[in-house]
Amino acid sequence: METDPKLFKYDSFIAQSTGRISEREDYKILTTTFDRYDIKIKVSPGNEFIEVLEVKINKDFLSQKQRMGLQSYIDVDKYYRE
Amino acid sequence: MFYESPDKIDKLLRLGDVVKGYISNTTRIKQPFLTFESSVYHNYSVDFEVPSFSVVLTPCCSIGEQHMLCLSPLIQLKSDFFKNPYLVEDFTRINREIERDKAFTPDDWEKMSYEEQQEKLAKRKGYMLLYLYIYAPSDLFTPYGKRGQEETKYYMIDFRNIQTIKCDLIQSRERTKEENVQILASKCLHLSKLIREELRQKLAYYFSRPPIEDEPE
């Protein structure tokens, strides 16, 4: 049975309308761990690699010194002596 | 809210509590006692005082162990703090990480070169005056003035000045009983949970900074 051209256009319009495109599930986002990094990647539904989205340090692997580095100190003691 | 309302105060001592009635002492020696020579052996002094208020710095879960308590006396702010209008608005800002330019007085900030300012602004927020923790005003505190400034009721503790006191009445939370009235009577102010966590964070940061010498080669 042939598709009614009017209905086809409508379906196509709805599928590509604003707000729908972002919901299409033609990729998945996975987070994987490598060494001390958390890497967020985009893969196809068939798990084929598409691109790297984000690389961040996994804080659980930080040494004490590196963890301390996330907080920091402003050395202004000499300005507030009295 | 800096202090917990009186109806919500725990009936036991907690980290950060403001207490009264505990002796503070300062022991001075000229040099370590490595010999029994009388000139060395007798060259020391011990000064006692009873500060109006002190702050409990023993972690909550360790309070009462061996009937000991770590205390730091509440002391007046330094007069230099009043030169910084950002701090004058709320001195407890010293307790939290702040933007780097706010840690300087406007005069000191203006004296810096543009490059120096940009270098500081590029870094993230940080703690200033790491060894100090400010206590918000309370009706219990005596107002005082510094260098002609308006009177204030802000006080502070110095993490470099922590002492231990022993008293058999100081007991762990499991053993604390209602009749322990003298200890409860010494408790004057109780920090809110949020502020106690803030104190814990700054205290932990102060004591856990690894020195450069200990960095792995």
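As a starting point, this report considers the structure included with it. (Residues numbered from 1 in each chain as written. Chains lettered and ligands numbered in written order. Predicted model: local features only at pLDDT ≥ 70, side-chain atom pairs only at ≥ 80, totals over all residues. Heavy atoms only, no water.)

The next subject is the overall build of chain B. When helices and strands are tallied, chain B shows six helices and 11 strands. Taking the principal axes of its C-alpha atoms as reference, chain B extends roughly 60 × 55 × 45 Å. Within chain B, the proportion of its 217 residues that are buried is 42%. Residue pairs at least 24 apart in sequence account for 70% of intrachain contacts in chain B once pairs closer than 6 positions are excluded. A total of about 12900 Å² of accessible surface is found on chain B, and carbon and sulfur atoms cover 50% of it. Taking the 31 positively charged and 34 negatively charged side chains of chain B as two groups, their mean positions are separated by 3 Å. (Helix = DSSP H or I, 4+ residues; strand = E, 2+ residues; numbered from the N terminus. Buried < 20%, exposed > 50% of the residue type's maximum accessible area, 1.4 Å probe, protein only. Contact = heavy atoms within 4.5 Å. Areas by Shrake-Rupley, 256 points an atom, 1.4 Å probe, with all protein chains shown as cover. Lys, Arg positive; Asp, Glu negative; His and termini not counted. Charge placed at Lys NZ, Arg CZ, Asp CG, Glu CD.)

Okay, the sheet that holds strand 11 (residues 187-189) of chain B next. Residue and element names in this part refer to chain B. Taken in spatial order, the five strands make up an open sheet running 10-5-4-1-11, and their pairing is antiparallel. Edge positions in the sheet fall to strand 10 (163-166) and strand 11, since each of these pairs with one other strand and no more. Bridge count for strand 1 (residues 18-19) against strand 4 (residues 54-56) is two bridges, and the pairing is antiparallel. In the strand pairing of strand 4, Val18 is matched with Val55. (Pairing = 2+ DSSP bridges.)

To continue, consider the packing of aromatic side chains. Residue and element names in this part refer to chain B. Within the structure shown, the criterion is met by 16 aromatic pairs over all chains. Centre to centre, the rings of Phe141 and Tyr155 are 5.3 Å apart; their planes meet at 65°, and the pair counts as edge-to-face. A residue pair is termed long-range when its members are at least 10 positions apart, and Phe141 in the loop between strand 8 (132-135) and strand 9 (155-158) and Tyr155 in strand 9 qualify at 14 residues. Across the pair, Tyr155 and Phe141 agree in class, each one buried. Ring-pair connections join several aromatic residues into one group, and the members of that group are Phe2, Tyr3, Tyr133 and Tyr135. In this structure, Arg93 is placed above the aromatic ring of Tyr86, and the distance from its NZ or CZ to the ring centre is 4.1 Å. Sitting over the ring of Tyr131, Arg160 keeps its end group 3.6 Å from the ring centre. (Phe/Tyr/Trp six-rings, centres within 6.5 Å; stacked < 30°, edge-to-face > 60°. Lys NZ or Arg CZ within 6 Å of the ring centre and 35° of its normal.)

A few words now on the nonpolar core. Residue and element names in this part refer to chain B. With 48 residues, the main nonpolar core has Phe81 and Tyr135 as its most contacted residues. Secondary-structure elements contributing two or more residues to this core are strand 7 (127-128), strand 8, strand 9, strand 11 and helix 6 (193-208). Membership of the second largest hydrophobic core comes to 10 residues, among which are Leu13, Tyr22, Ile63 and Leu69. (Core = buried A, V, L, I, M, F, W, Y, C linked by side-chain atoms within 4.5 Å.)

Attention now moves to the side chain of Thr92 of chain B. All names here are of chain B. With respect to the helices, strands and loops of the structure, Thr92 is situated in the loop between helix 2 (85-89) and helix 3 (106-111). What makes Thr92 buried here is its relative accessible area of 5%. Here the side chain of Thr92 touches Asp90 through a polar contact of 2.6 Å, side chain to side chain. At 3.2 Å, the side chain of Thr92 and the side chain of Arg96 are in polar contact. Filtering out sequence-adjacent residues up to four positions away, Thr92 remains in contact with Phe2, Ile134, Ala136 and Tyr154. (Polar contact = N/O pair within 3.5 Å; in protein donor to acceptor, adjacent residues only side chain to side chain.)

Further remarks concern the interface of chain B and chain A. Taken together, the contact pairs 30 residues of chain B with 14 residues of chain A. Taken together, both faces of the contact between chain B and chain A bury some 2000 Å²; the carbon and sulfur share is 56%. On inspection of chain B and its partner chain A, the count reaches zero salt bridges. Counting the contacts that link chain B with chain A gives seven residue pairs in polar contact (both at pLDDT 80 or more). Put simply, the parts of the chain that give the side of chain B that touches chain A at least two residues each are strand 7 and helix 6 of chain B. At three residues, the largest contribution of residues to the side of chain B that touches chain A is made by helix 6 of chain B. The residue inventory of the side of chain B that touches chain A, partitioned by class, reads 13 nonpolar, six polar and 11 charged. (Buried area = accessible area lost by both parts, 1.4 Å probe. Salt bridge = Lys/Arg side-chain N within 4 Å of Asp/Glu carboxyl O. Nonpolar A, V, L, I, M, F, W, Y, C, P; charged D, E, K, R; others polar.)

All names here are of chain B. By the bridge criterion, three bridges tie strand 4 to strand 5 (residues 68-73) in an arrangement that is antiparallel. What sits directly across from Val56, in strand 5, is Leu71. In terms of strand pairing, strand 5 meets strand 10 through four bridges, oriented antiparallel. Across the sheet, residue Cys70 finds its bridge partner in strand 10, namely Thr164.

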